[in-house]
Amino acid sequence: QVQLVESGGGLVQPGGSLRLSCAASGSNFRVNTVGWFRQAPGKERELVAVISSGGRSHYADSVKGRFTISRDNANNTVYLQMNSLKPEDTAVYYCNLLSGYWGTWTPGPYWGQGTQVTVSS
């Protein structure tokens, strides 16, 4: 059973930056595609960034040019660098392993506790 632990969230002013971390254990992490999701109050969970085992990436239009996803396979960790943060980025951020063809991903059944990101002045 895979275990995912997100960290790095916090309170930041608009225009600020945060780097989130997703540490995985219990899986052959380096061969997995991994995604970052977020869920704001009253909204559905949305996929914001994806990285393949080989480093190919994909971003939601709402974060393109501001967020960067990366991975360190040696340490079973995926990162999400978030710059130029906006109040609408406020949400709980989760990571998960993804399956399926590129562009038609399905998240795994196990979710971590998430990490809260709040963008406010």
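Above this text you will find the structure in question.
One structure accompanies this document, and this report is about it. (Residues numbered from 1 in each chain as written. Predicted model: local features only at pLDDT ≥ 70, side-chain atom pairs only at ≥ 80, totals over all residues. Heavy atoms only, no water.)

**Focus: the overall build of the protein**
Within the protein, the secondary structure is distributed over zero helices and 11 strands. Its helices and strands taken in sequence order, the protein reads β-β-β-β-β-β-β-β-β-β-β from the N to the C terminus. On C-alpha atoms alone, the protein measures out to a radius of gyration of 13 Å, which is about the 14 Å that the 2.2 N^0.38 rule sets for 121 residues. C-alpha atoms of the protein, sized along the principal axes, occupy 40 × 30 × 25 Å. Taking all 121 residues of the protein together, 44% fall into the buried category. Here the contacts in the protein between residues at least 6 apart in sequence split such that 57% fall between residues at least 24 apart. (Helix = DSSP H or I, 4+ residues; strand = E, 2+ residues; numbered from the N terminus. Rg over C-alpha atoms; globule rule 2.2 N^0.38 Å. Buried < 20%, exposed > 50% of the residue type's maximum accessible area, 1.4 Å probe, protein only. Contact = heavy atoms within 4.5 Å.)

**Things to note about the sheet that holds strand 3 (residues 18–25)**
Taken in spatial order, the four strands line up as 1-3-8-7 in an open sheet, and their pairing is antiparallel. This sheet does not close on itself; its edge strands, each paired only once, are strand 1 (3–7) and strand 7 (67–72). Direction aside, the axes of adjacent strands within the sheet are offset by 15 degrees on average. Both strand 7 and strand 8 (residues 77–82) contribute to a ladder of six bridges, which runs antiparallel. The partner of Ile69 across the bridge, within strand 8, is Leu80. (Pairing = 2+ DSSP bridges. Axes fitted to C-alpha atoms, helices over the stretch in contact; angles between N-to-C directions.)

**With respect to the pattern of salt bridges**
Inspection of every chain in the model, using the stated rule, returns four salt bridges. Among the salt bridges present, the one from Arg38 reaches Glu46, with a minimum N-O distance of 2.7 Å. Exposure remark for Arg38: the relative accessible area of 6% places this residue in the buried category. What makes Glu46 partly exposed here is its relative accessible area of 32%. (Salt bridge = Lys/Arg side-chain N within 4 Å of Asp/Glu carboxyl O.)

**Digging into the state of the cysteines**
Counting across every chain of the model gives one disulfide. Shown here is the disulfide that connects Cys22 with Cys95, its sulfur atoms set 2.0 Å apart. On the sign convention where negative is left-handed, the bridge of Cys22 and Cys95, at about 75 degrees about the S-S bond, is right-handed. Separated by 73 residues along the polypeptide, Cys22 in strand 3 and Cys95 in strand 9 (residues 91–99) bring together distant segments of the chain. (Disulfide = S-S within 2.5 Å.)

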